[in-house]
Amino acid sequence: MQGPQDTMQYSVSDSELSLKVTAKIRSLYDAQLRLQHNIQPLPLGTDIANTVKYFSQTLLSVLKDVPRSPLEMLRDADNDGERMGLYPNLDYKSLFNALSGLVDSTPHLQYGTLPFGQAILQCLGCLLPFLEYDMIDNLPFLVAYCVAMFPVALHQEILHLLSYYILPFTITRKYAGMEEESQASQSVAAIIMMVFQHSNNPAHHCQLLECLMSMKQWVVKDILCVIAYGTWGARLSAAKLLFYYWPPFDAKLFDRKGLLCKFSNDLVPFLCQRDMCPNAGTAEAAKVCYDHCISVTFASDSPPPLYLCIECANEIHREHPNQRFFDILHPQQQVSMVCENKNCRSTDKAAYSICFSNECASYNGNHPIRYCQQCHGNRHNSRRGGDHVVHTRLPLAWQMDSDMQTNLVEAIISLLKEAKPINMEDPDSSTEQLKPPLSVDLPDPISVEDRQLLGRYGVWLMVGLCTPNPDTPDEILGRLLSVLFHWFHVTSFSYTG
Ligand SMILES: [Zn+2]
Ligand SMILES: [Zn+2]
Ligand SMILES: [Zn+2]
Ligand SMILES: [Zn+2]
């Protein structure tokens, strides 16, 4: 046994704790069974929430006494064995599975969905440092899936949990000897689809994407994947945000003013998490401290790390002078079409890249910063900035790797297929007598304006990135041409009438 013996949880021995935890996990499984098979009396959301809160408190009090930094160790899978060795031997895996089962049974719950959901979200955050690799990889998608299962009132909490507690410690985890990205990173397209489909608040879409853009270099590949294969709601949002965030590959091709839909104005700021914050509930978090002990001490219900307003960060720093407090990245404020480097000397100031790394963001009030091609080269080269997460203009299709090229071509095809004639039957659709006798006319879920916009996005991507050259594979050229002809064919009816 390690750690001081004076806290409440350590006054019982590890084996007693383990017995208690096992019994409580069993009660969660029991509640889930009752919910799924509708066995009376149905458990109440508030009762389940209280059991789940017991786990959060237990996990946090165990964490507080851990001698090394679990969050630091999480970053590299090589440390997993050592990290798990720091904790008492509890059945973390069964707890994870029980929580995951409860998320699934949310629709069967009659009362108390709100406290139920809140308790599960908090516990998933607290459980992360205790998980082994397969569950770490599954956690981001499980949390994103809560957007589909939990009430709308919890969506903002889910997005904050993902952006500040889950994604930063899972997506970028290193696995020794693996050149490929982690499974968590491979699940990013599915996470985007889930959130874009089930949250209808565009600010949530922006928050998720900016968070991912700050840590995943080729997230544009995932965005193209969503445009290509996602449901219509996810596709529409992904296409709009691709043109919103990525510096234009050809500024002459389109006028962005008309393109930029209103986004992100209603982003809900993430606030200082300190229990006794003097600005309670109003001050935006600006600093982060990764020390788990400091975190549990000053925010007794939140998982680490600890997010603080400036005032609290200064105060805690005075008491704990050797703790480090890092700047956190703030959301992008407006889309600049030109270089944001105040000392830019370039003659062509058109935006070429956007950098999300703290070093570059510090020149822009800790907001992501856009650079022209020349400044981009000065800030990111073999001597400096090589590890920055930067997103540049999209390259030509023929310069993309084959996965991304496939996603781009499929995205263009899916966008051009959305075009529909206005005030007219689809010229391809069958005549009345060929329709099935029991067809129902559902209203079109996509507005006419959005359909036209999607078609235009598709044309821009095709014209801007897919100009054929002698090496262009015939089958890709054939597919692009056929969908382009289809688009002309359908839209010609919209403009002649
Ligand atoms: Zn504060
Ligand atoms: Zn510049
Ligand atoms: Zn940079
Ligand atoms: Zn056609």
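Rules of the game
- Residues numbered from 1 in each chain as written.
- Chains lettered and ligands numbered in written order.
- Predicted model: local features only at pLDDT ≥ 70, side-chain atom pairs only at ≥ 80, totals over all residues.
- Heavy atoms only, no water.
- Donors = N, O, S within 2.8 Å, 3.2 Å for Na, K, Ca; no water.
- Tetrahedral: all angles 85-135°; square planar, octahedral: opposite > 155°, others 65-115°.
- Buried < 20%, exposed > 50% of the residue type's maximum accessible area, 1.4 Å probe, protein only.
- Helix = DSSP H or I, 4+ residues; strand = E, 2+ residues; numbered from the N terminus.
- Core = buried A, V, L, I, M, F, W, Y, C linked by side-chain atoms within 4.5 Å.
- Contact = heavy atoms within 4.5 Å.
- Pairing = 2+ DSSP bridges.
- Axes fitted to C-alpha atoms, helices over the stretch in contact; angles between N-to-C directions.

A. Molecular detail of the coordination of the zinc ion (ligand 1). Protein-derived ligands of the zinc ion (ligand 1) are Cys272 (SG), Cys277 (SG), Cys309 (SG) and Cys312 (SG), with the metal-ligand distances lying across 2.3 to 2.4 Å. Considering all four donor atoms around the zinc ion (ligand 1), the spread of angles at the metal, 104 to 113°, places the coordination shape in the tetrahedral class. Coordination of the zinc ion (ligand 1) draws on donor residues from a single chain, spaced C-x4-C-x31-C-x2-C in sequence. The pair Cys272 / Cys277 is uniform in exposure class, with both members buried.

B. How the structure looks around the coordination of the zinc ion (ligand 2). For the zinc ion (ligand 2), every protein donor is listed as Cys339 (SG), Cys344 (SG), Cys372 (SG) and Cys375 (SG), and the spread of their distances is 2.2 to 2.4 Å. Taken together, the four donor atoms surrounding the zinc ion (ligand 2) define angles of 103 to 116° at the centre, an arrangement classified as tetrahedral. All donors of the zinc ion (ligand 2) belong to a single chain; written as a sequence motif, their spacing is C-x4-C-x27-C-x2-C. Taken together, the positions of Cys344 in the loop between strand E3 (326–327) and strand E4 (353–355) and Cys375 in helix H19 (residues 373–379) put the pair 31 residues apart, joining distant regions of the chain. Residue classification places Cys375 among the buried positions, given a relative accessible area of 4%.

C. Representation of the nonpolar core in the model. Residues Phe150, Leu208, Leu242 and Leu461 are the most contacted members of the largest nonpolar core, which totals 133 residues. Once you skip the residues sitting within four places of it in the chain, Leu461 turns out to touch Leu242, Phe243, Phe249, Leu394, Leu408, Ile412, Leu415 and Cys466. One finds Cys272, Phe298, Leu306 and Phe325 within the second-largest nonpolar core, a separate group that totals 14 residues.

D. Structural view of the sheet that holds E4. With respect to topology, three strands assemble into an open sheet ordered E5-E4-E6, the strand pairing being antiparallel. Where the open sheet ends on each side, the last strands, each with one partner, are strand E5 (369–371) and strand E6 (390–392). Adjacent strand axes in the sheet meet at a mean angle of 20° when their direction is disregarded. With three bridges connecting them, E4 and E5 associate as antiparallel partners. The residue of E5 that forms the bridge with Ser353 is Tyr371.

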